[in-house]
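Letter by letter, the chains look like this.
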Amino acid sequence: MTENAPIISTGLNHSFGTGEARKQAIWDVDVSIARGSLTVLMGPSGSGKTTLLTLLGCLREVQDGSVRLLGAELRGSDEAQMVMLRRRLGFIFQAHNLHESLTASQNVLMGLQVHGAGNARMQLEATHHMLEIVGLSDRMNYLPGSLSGGQKQRVAVARALVSNPQIVFADEPTAALDKESGLNVVAMLKALGQTRQTTTVMVTHDNRILELADRIITMEDGRIVNDAET
Amino acid sequence: MSRLLTYLFGRLPIGWLQLSHNKARLAAAVSGVAFANLLVFMQLGILGALNGSTIAPYTMLSADILVSSEDGNTLTDSGNVARTRMFQALGVPGVASAAPLYIGNLPFSMTDGTSVSLLAFGVDTSHPSFVSPVIAASLGALETENTALLDTQTRGVPETAFHGLLEGKPFSFEVNGQTMTAIGTLEVGGGFLADGTLVVSDQTFLRFFERRSSGAPSHILIKANDNVSLDSVVERLEAVLPAQSVKVQTLEGAAKADLAFMSTERPTGIIFGFGVLIGIIVGIVIVYQVLSTDVADHLREYATFKAMGYGQPFFLGVVFEEAIVLAIFGFIPGFVVSLGLYAGLSAVTGLPVSMDASRAILVFLGTLAACTISGALATRRLAGADPADLF
Ligand SMILES: Nc1ncnc2c1ncn2[C@@H]1O[C@H](COP(=O)(O)OP(=O)(O)O)[C@@H](O)[C@H]1O
Ligand SMILES: [Mg+2]
């Protein structure tokens with residue numbers, strides 16, 4: 001079963017800086033994450049959660065050890081391979097990072113167009129469907145500037161999920177939201193993960209999200225100190 | 001616009017949407033490009049006028065070879081040649097005929113007190129084959145003492161002054177205390193040296209320029225026999241005529257040499273050429289500024305696109321899309337305003353400042369190239385968009 005897991009890291013180490021200033025942020029992390037699960041990464045600030053997420057998510061070069069993502073070894077892979085792999089992933093950041101000059105539906109469309117031009121009508125339909133799912137069918141043509149914080153984050157979720165990614169990585173996606181819209185966003189992620197068999201890895205401190213998690217990994221000083229299936 | 005670009009690119013026109021979202025930045029960039037275009041168009045217009053007015057006098061002549069004083073700069077700015085050279089030349093095999101040409105600058109005051117300087121061409125009235133058909137037709141009439149053909153394009157003289165003349169009514173004016181009678185017109189236009197042109201017979205010319213002698217014309221015009229190579233006749237003339245005092249050129253070669261002289265050795269030519277360069281640099285710098293701040297302002301968004309799986313070609317495409325949008329949107333107003341300024345400038349100065357299609361196309365292509373260069377420079381900033389920094 002572990003063999004087929006979408007994310008497998010073994011002996012993963014990572015350091016920032018060089019010489020005197022060199023500081024190791026990840027120590028010997030071995031982890032295997034099952035398909036379709038919602039895994040939460042916890043731990044105090046500075047414990048290496050974000051660094052681990054960017055390593056597993058193909059956003060940062062692997063220095064030492066191994067990460068197998070969707071069957072591909074990330075260690076030593078080149079930029080072009082990483083770009084192709086990223087297209088099968090979805091990212092949700094703490095900040096929504098929406099393009100201010102694009103409408104909600106255009107922002108979501110960007111998540112689809114990365115896969116090639118395709119049939120414009122079908123892309124548009126998928127985009128509108130995704131925005132309906134996140135409850136924004138009446139805000140499709142709004143620019144981010146005229147959406148609320150929660151609405152913007154929901155657009156970001158729609159953008160990450162519209163291409164039906166195999167894995168979703170999220171780093172404190174609800175930190176910038178009030179409680180209600182935060183829970184809203186996570187419930188949506190959970191539901192989509194279940195219906196689509198999406199694997200989700202999320203950094204969060206939100207207790208109510210922990211209740212939804214299949215697995216909770218706790219980090220301290222760059223090491224995994226607790227790993228619990230719920 | 002968006003829809004058209006979406007269709008063209010097969011993707012959302014991010015560059016265009018981004019530029020048009022920030023209206024102030026777009027306006028600044030477009031006016032910058034327009035201004036650079038305007039600068040280049042004005043400089044090229046004046047350079048073109050300079051070239052046009054350098055060539056214009058040649059249109060009055062019809063000859064194969066020009067023998068000039070060795071130290072002369074251009075057709076209208078040269079020393080004298082001894083007329084004996086003409087007789088020597090006539091003895092050279094391949095030379096069919098030869099005629100003297102006298103050129104001098106004739107200042108005169110109009111009745112309203114404004115002074116105008118005319119470049120006077122004294123031609124040999126017995127040789128109609130050496131002048132353009134328009135002048136040739138009037139050579140007989142020019143044999144009458146103190147008669148002239150007057151340039152209707154003369155700067156500072158209203159076109160209405162020529163109405164009577166065009167209807168066949170001669171009019172007289174005073175030059176150097178003598179009366180000159182204009183009996184016909186021609187169209188040459190003013191240049192940087194004179195306001196207009198006057199064509200007279202060599203006899204009339206010598207009467208008005210008391211210091212000039214019939215033995216020392218400004219140039220000698222030569223016609224070669226049919227079916228001989230001009231270059232070989234030039235060579236034979238060079239062998240016969242003393243190189244330290246005269247130079248022998250084909251008329252075409254002389255015109256080209258005049259152009260080269262005016263644009264590379266005269267300060268005016270150099271200044272305007274330099275102006276073109278400045279315009280191009282201004283354009284590149286402005287577009288670079290706009291594009292690189294635009295990239296810098298959107299680094300997070302670009303990094304997000306990188307995380308989503310967009311590769312380098314996509315980002316280059318966006319920046320170049322912006323560059324091309326700026327080139328097109330800046331060129332159009334720059335071109336239109338230039339047309340207006342050209343009309344104004346030629347009305348005020350009488351110089352032949354006008355737009356031609358090849359210049360417009362050249363400047364447009366140059367604008368595209370300059371914007372592309374700026375875009376290429378601005379893309380270096382894209383390296384700063386690191387998706388690992390987003391979380
Ligand atoms: N880009 C970076 N350059 C240098 N040090 C970094 C960088 N990113 C993170 N770190 C360091 O690595 C450690 C782990 O950081 P991070 O992964 O962001 O922790 P967390 O997300 O758990 O708060 C911290 O000590 C932090 O200072
Ligand atoms: Mg963090």
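None of these values were measured; they are calculated from a predicted model.

Caption draft 1: Spotlight on the overall build of chain B. Summing up its helical and strand segments, chain B has 14 helices and nine strands in all. Over its C-alpha trace chain B gives a radius of gyration of 29 Å, far above what one expects of a compact globule, namely 21 Å for 391 residues. Dimensions along the principal axes, computed over C-alpha positions, put chain B at roughly 95 × 50 × 35 Å. In chain B, which comprises 391 residues, the share counted as buried stands at 51%.

Caption draft 2: How the structure looks around the sheet that holds strand 7 (residues 167–171) of chain A. Residue and element names in this part refer to chain A. If you trace the six strands from one edge of the open sheet to the other, you get 6-7-8-3-9-10, paired in mixed fashion. In this open sheet, the two strands that pair with only one neighbour each are strand 6 (89–92) and strand 10 (223–229). With direction set aside, neighbouring strand axes in the sheet form an average angle of 15 degrees. In this sheet, strand 7 lies alongside strand 6 in parallel orientation, the contact comprising four bridges.

Caption draft 3: Region of the structure containing the interface of chain B and chain A. Across the contact, 24 residues belong to chain B and 29 residues belong to chain A. Taking both sides of the interface into account, the surface hidden between chain B and chain A amounts to around 2500 Å²; carbon and sulfur atoms contribute 65%. When the buried area of chain B at its contact with chain A is split by residue, Leu12(B), Met308(B) and Phe391(B) rank highest and sum to 30% of it. The interface formed by chain B and chain A includes zero salt bridges.

Caption draft 4: Structural view of the site of ligand 1. Residue and element names in this part refer to chain A. What surrounds ligand 1 is the set Phe16, Lys23, Ala25, Pro44, Ser45, Gly46, Ser47, Gly48, Lys49, Thr50 and Thr51. A distance of 2.7 Å separates an oxygen atom of ligand 1 from a polar atom in the backbone of Gly46. One nitrogen or oxygen atom from the side chain of Thr50 is found 2.7 Å from an oxygen atom belonging to ligand 1. About the coverage of ligand 1: the protein hides 62% of its 550 Å² of free accessible area. If you list the elements that add at least two residues to the shell around ligand 1, you get strand 2 (23–33) and helix 1 (49–56). In terms of residues, the shell around ligand 1 owes the most to one element, helix 1, which gives three residues. For the shell around ligand 1, the per-class residue count stands at three nonpolar, six polar and two charged.

Caption draft 5: View of the pairing of strand 1 (residues 65–69) of chain B. Residues and elements named next belong to chain B. The buried fraction of strand 1 is high, at five of five residues. Bridge count between strand 1 and strand 8 (residues 219–224): four bridges; the pairing is antiparallel. Across the sheet, the residue bridging to Ser68 is His219, located in strand 8. Both strand 1 and strand 9 (residues 246–250) contribute to a ladder of five bridges, which runs antiparallel. Opposite Leu66, over in strand 9, you have Gln249 as the bridge partner.

Caption draft 6: Representation of the packing of aromatic side chains within the structure. Inspection of every chain in the model, using the stated rule, returns 15 aromatic pairs over all chains. Ring centres of Phe91(A) and Phe93(A) lie 6.1 Å apart, and the angle between their planes is 10 degrees; on these two criteria the pair is classed as stacked. Judged by its relative accessible area of 2%, Phe93(A) is buried. Taken together, a centroid distance of 5.5 Å and an interplanar angle of 70 degrees make the contact between Phe305(B) and Tyr310(B) edge-to-face. On the accessibility criterion, Phe305(B) (1% relative accessible area) is buried. Through successive ring pairs, a cluster of aromatic residues spans Tyr302(B), Phe305(B), Tyr310(B), Phe314(B) and Phe315(B). A cation sits over an aromatic face here: Lys306(B) above Phe315(B), 5.9 Å from the ring centre.

Caption draft 7: Spotlight on the domain arrangement of chain B. Residue and element names in this part refer to chain B. Domain parsing of chain B yields domain 1 (2–54 + 267–390) and domain 2 (82–244). Placing a centre on the C-alpha atoms of domain 1 and another on those of domain 2 gives a separation of 48 Å. Every contact between the two is made by eight residues of domain 1 and, on the other side, four residues of domain 2. Examining the composition of the side of domain 1 that touches domain 2, we find that four residues originate from one element, helix 3 (residues 23–55), more than from any other. Its residues placed into classes, the side of domain 1 that touches domain 2 shows five nonpolar, three polar and no charged.

Caption draft 8: Representation of the pattern of salt bridges in the model. For the structure on display, the rule yields ten salt bridges over all chains. As a salt-bridge pair, Arg139(A) and Asp138(A) come within 3.2 Å of each other at their nearest N and O atoms. Owing to a relative accessible area of 23%, Arg139(A) belongs among the partly exposed residues under this scheme. For the salt bridge of Asp227(A) with Arg215(A), the shortest nitrogen-to-oxygen distance reads 2.8 Å. Of this pair, Asp227(A) sits in strand 10 while Arg215(A) sits in strand 9 (residues 215–220); the two residues are twelve residues apart in sequence, bridging distant segments of the chain. The exposure class of Asp227(A) is partly exposed, given its relative accessible area of 37%. It is possible to trace a salt-bridge network through shared partners that takes in Arg25(B), Asp294(B) and Asp297(B).

Caption draft 9: Layout of the sheet that holds strand 6 (residues 178–186) of chain B. Residue and element names in this part refer to chain B. Taken together, the nine strands give an open sheet; going across it, the order is 5-6-4-7-3-2-8-1-9, and neighbouring strands pair in mixed fashion. With one partner strand each, in any of the chains shown, strand 5 (171–175) and strand 9 form the two edges of the open sheet. Ignoring strand direction, the axes of neighbouring strands in this sheet form an average angle of 30 degrees. Of the pairings in the sheet, the one linking strand 4 (residues 147–151) to strand 7 (residues 196–201) comprises two bridges and is antiparallel in character. The partner of Leu150 across the bridge, within strand 7, is Leu198. Seen against the sheet, helix 9 (residues 230–240) touches strand 1, strand 2 (95–109), strand 8 and strand 9 and runs at an angle of roughly 175 degrees to strand 9.

Caption draft 10: Inspection of the confidence of the model for chain B at higher detail. All names here are of chain B. Per-residue confidence for chain B averages 89 on the pLDDT scale, and 100% of its residues sit at or above 70. Element-level pLDDT for chain B is lowest in helix 1 (residues 2–9), with a mean of 74, against a maximum mean of 96 in strand 8. Two numbers describe this predicted complex: its pTM, 0.76, and its ipTM, 0.89.

Caption draft 11: Fine view of a nonpolar patch on the surface. Residue and element names in this part refer to chain B. Residues Phe274, Leu277, Ile278, Ile281 and Val285 make up a contiguous nonpolar surface patch of about 450 Å² in total accessible area. Structurally, Leu277 is set in helix 11 (residues 267–297). Taking the relative accessible area as the measure of exposure, Leu277 reaches 45% and is therefore partly exposed.

Caption draft 12: Broad picture of helix 2 (residues 14–21) of chain B. The element helix 2 of chain B is largely enclosed, with a buried count of seven among its eight residues. Three or more residues of helix 2 of chain B are buried, namely Ile14(B), Gly15(B), Trp16(B), Leu17(B), Gln18(B), Leu19(B) and Ser20(B). Looking at the buried positions of helix 2 of chain B, the neighbouring elements they touch are helix 3 (104–113) of chain A together with helix 1, helix 3, helix 11, helix 12 (299–308) and helix 13 (312–349) of chain B.

Caption draft 13: Looking closely at the pairing of strand 9 of chain A. Residues and elements named next belong to chain A. By the criterion of burial, strand 9 is predominantly enclosed, with five of the six residues buried. Pairing between strand 3 (residues 38–42) and strand 9: four bridges, direction parallel. Each bridged residue has a counterpart across the sheet, and for Leu41 the counterpart in strand 9 is Ile217.

Conventions adopted
- Residues numbered from 1 in each chain as written.
- Chains lettered and ligands numbered in written order.
- Predicted model: local features only at pLDDT ≥ 70, side-chain atom pairs only at ≥ 80, totals over all residues.
- Heavy atoms only, no water.
- Helix = DSSP H or I, 4+ residues; strand = E, 2+ residues; numbered from the N terminus.
- Rg over C-alpha atoms; globule rule 2.2 N^0.38 Å.
- Buried < 20%, exposed > 50% of the residue type's maximum accessible area, 1.4 Å probe, protein only.
- Pairing = 2+ DSSP bridges.
- Axes fitted to C-alpha atoms, helices over the stretch in contact; angles between N-to-C directions.
- Contact = heavy atoms within 4.5 Å.
- Buried area = accessible area lost by both parts, 1.4 Å probe.
- Salt bridge = Lys/Arg side-chain N within 4 Å of Asp/Glu carboxyl O.
- Near = heavy atom within 4 Å.
- Polar contact = N/O pair within 3.5 Å; in protein donor to acceptor, adjacent residues only side chain to side chain.
- Areas by Shrake-Rupley, 256 points an atom, 1.4 Å probe, with all protein chains shown as cover.
- Nonpolar A, V, L, I, M, F, W, Y, C, P; charged D, E, K, R; others polar.
- Phe/Tyr/Trp six-rings, centres within 6.5 Å; stacked < 30°, edge-to-face > 60°.
- Lys NZ or Arg CZ within 6 Å of the ring centre and 35° of its normal.
- Domains from an automatic or database assignment.
- pLDDT = per-residue confidence, 0-100.
- Patch = residues over 30% accessible without salt bridge, like charges linked within 9 Å, V, L, I, M, F, W, Y side chains within 5 Å.

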